[in-house]
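Residue-level listing of the chains:
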Amino acid sequence: MDPLDSSESRLVESANAAENTESSLPWARFSSWLECVCVVTFDLELGQAIELVYPHDCMLFFHMTCEMCFPGCLGDTQFSFRLRQSVGRRGSWFGEEDAYSRDAPVTLQVKLAHFYGYVYFRQVKDAAVKRGYFQKSLVLVSRLPYVHLFQSLLQIIAPEYFEKLEPCLEAVCNEIDQWQSPVPGLTLNLPVMGVVMQVRIPSKNDKPGGSPEKQAQKEVAPMMLPTIHELDLFKCFQSFLIHLQMLWELMLLGEPVVVMAPSPTVSSETVLALVSSIAPLRYCCDYRPYFTIHDTEFKEYTTRTQAPPNVILGVTNPFFIKTFQSWPHIIRLGELKMSGDLPKQVKVKKLAKLKTLDTKPGIYTAHKMFLQKDKSLIKRLLKGIQRKRPSEVQSAILRRHLLELTQSFIIPLERYLASLMPLQRSVTPWKTPPQIRPFSQEEFMGTLEHAGPQLTSVLKGDWVGLYRKFFRSPNFDGWYRLRHREMTQKLECLHLEVVCDADLLGWTKDKSEVEIVDLVLKLREKLMKAGKQQLPVKEGVLEKLEGYLQTVISSLPEDLQTSSVTFNVAPS
């Protein structure tokens, strides 16, 4: 039997189990993909207003969200935004320890504090309307950062909706409510309006930069999406390719950055592309692909009484130039211009020159690069432009370069972190698991001479200085917290496995009843914790330990047996 087939079958079983538990809940499958679908229109008396929401009881949007969905561009415009969840909002399909986030790559895990909005806005002349223009936005709101999937979905349903209106949208929502929930590692067929989109949900087990694992061949779909979340990096970065490494450093360090773009599309795509540039490392700061004065954090992010926050803001309003003059890094983009075969590259300029509304495109920053530029990448991309290489191939080259750069930076940290883990032989059944040694920045720096980035990267520069500044960033804090939690869980798993292999009954023979009851209580606590956190223990360990526990309890006097509540492992 093909082991890949058995892996696929396990994923399907997992998905089916999730579907069975949700099937009785209204809009359960819909909610695993979207929080709501809504239509924003222009009302002569109210201005921008919500016209329609599915599900009807979803009270997600506020006035400012309506404003954000009306960029004022003629024709059809697609873009994305990101919102902080309001306090006291209803719960989500996703939980803090849900199976999806446990198995998804860290860059695609759900953050319960934020929503994504995917917008298709249309503004065209229409003599039948009083103001002379048809203006509507169709908005998909989700907790999933699947920008390519949802923008592709909008391209299918929005033009049809603008022609047929409400009945069409209701039918689409009912179709989405039949979709199988997203399970990392599975390939799904998603039917909508006569089109079947075939997508694969990325898994944390996927090799970074590699091809997805082989899966059983499904029926041919008319529309196969090669990715659900990746953007065309070459298109997004084409006007500042020669400065890409500088921007990678700014993202890695979580620096405050403003992207001033000519349209919401360019703004949102550039911000999302920048955030993805440090993958597989998770960008742990806030980011707003399309930020306006109607955003709830406008005052918080534009105050001059404190240092700019660690956030990336994408804006289109030129009046923001004055508002953000105190920010350390501003990327001013204009309409794309060509210089021969090459898109005209913006220049790095001094912040003092950022004063007027007609400020020229450029990267306004005083940032001094830690690493030397990789000229070979620029030459390779230029050669691709001259040879008319497809944009998706150029993007793949860029993505591979950024991935290798990030991995060269992270591998020494991972290697050092692994050395802080207690030796497996120090984990014994009768003692609390040993502690992970604390992270020492100076001790780590001492490892760089022989086990630093130079082992995997040809780039020269001040790697030590880059690490020192990284240690002060939210990205280091987020990375370390996540890895420390994973290591702690691994220690818990090792301890459970060691306890499982121990002779529990033999240990109890010369122990007092108090010591045995203490063992029972500690084992019960550990098993409940393992079930609740869904620890990745070896198959059968929890069930075996539960059996041992019942055997130990049965060896106690009857009065103590009755006081020991029968143990049940929390569902995994």
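Everything here concerns the structure above.
Right, let's walk through the structure included here. (Residues numbered from 1 in each chain as written. Predicted model: local features only at pLDDT ≥ 70, side-chain atom pairs only at ≥ 80, totals over all residues. Heavy atoms only, no water.)

### A closer look at the sheet that holds strand E6 (residues 187–192)
Strand pairing in a sheet relies on backbone hydrogen bonds, with the paired strands running either antiparallel or parallel. Spatially, three strands are ordered E6-E7-E8 in an open sheet, and the strand pairing comes out mixed. Edge strands, defined here as strands with exactly one partner in the open sheet, are E6 and strand E8 (223–224). Strand contacts of helix H5 (residues 147–164): E6, strand E7 (195–200) and E8, with the helix running at about 180° to E7, the strand carrying the most contacts. (Pairing = 2+ DSSP bridges. Helix = DSSP H or I, 4+ residues; strand = E, 2+ residues; numbered from the N terminus. Contact = heavy atoms within 4.5 Å. Axes fitted to C-alpha atoms, helices over the stretch in contact; angles between N-to-C directions.)

### Regarding the layout of surface pockets
Taken as a whole, the second largest pocket spans an internal volume of roughly 640 Å³. Surrounding the second largest pocket, 22 residues form its lining, Ser-239, Gly-334, Glu-335, Leu-336 and Val-346 being those nearest its centre. Only helix H7 (233–237) and helix H9 (264–276) provide two or more residues apiece to the lining of the second largest pocket. Per-element accounting of the lining of the second largest pocket gives the leading share, four residues, to H9. When the residues that make up the lining of the second largest pocket are grouped by side-chain class, the tally is seven nonpolar, seven polar and eight charged. (1 Å grid on protein atoms, 1.4 Å probe; cavity = no way out; pocket = protein on both sides within 12 Å on 5 of 7 lines; lining within 4 Å. Points joined across faces, edges and corners; volume = space filled by probe spheres on them. Nonpolar A, V, L, I, M, F, W, Y, C, P; charged D, E, K, R; others polar.)

### Some details on the pairing of strand E12 (residues 329–332)
On a regular strand, each side chain points to the face opposite its neighbour's, so the side chains alternate between the two faces of the sheet. In E12, alternate side chains face the same way, and those of His-329 and Ile-331 on one face and Ile-330 and Arg-332 on the other are all buried. Here four bridges tie E12 to strand E16 (residues 362–365), and the two strands are oriented antiparallel to one another. Its bridge partner lying in E16, His-329 is registered against Thr-365. (Buried < 20%, exposed > 50% of the residue type's maximum accessible area, 1.4 Å probe, protein only.)

### As for a positive patch on the surface
Together, Lys-337, Lys-344, Lys-347 and Lys-360 make up a region of like positive charge exposed at the surface. Residue placement: Lys-347 occurs in the loop between strand E14 (342–343) and strand E15 (348–349). (Patch = residues over 30% accessible without salt bridge, like charges linked within 9 Å, V, L, I, M, F, W, Y side chains within 5 Å. Areas by Shrake-Rupley, 256 points an atom, 1.4 Å probe, with all protein chains shown as cover. Salt bridge = Lys/Arg side-chain N within 4 Å of Asp/Glu carboxyl O. Lys, Arg positive; Asp, Glu negative; His and termini not counted. Charge placed at Lys NZ, Arg CZ, Asp CG, Glu CD.)

### Remarks on the sheet that holds strand E4 (residues 114–125)
Taken together, five strands build an open sheet; the order of strands is E2-E1-E5-E4-E3 and the sheet is antiparallel. Bordering the open sheet on either side are strand E2 (47–54) and strand E3 (75–84), each of which pairs with just one other strand. Strand-to-strand twist of the sheet, defined as the mean angle between neighbouring strand axes without regard to direction, takes the value 25°. Bridge analysis of E4 against strand E5 (residues 133–142) gives ten bridges, and the strand direction is antiparallel. Across the sheet, the residue bridging to Lys-125 is Tyr-133, located in E5. In this fold H5 packs onto strand E1 (36–43), E2, E3, E4 and E5, with an angle of close to 35° to the strand it touches most, E4. Packed on one face of the sheet, helix H6 (residues 166–176) meets E1, E2 and E5 and runs near 45° to E2.

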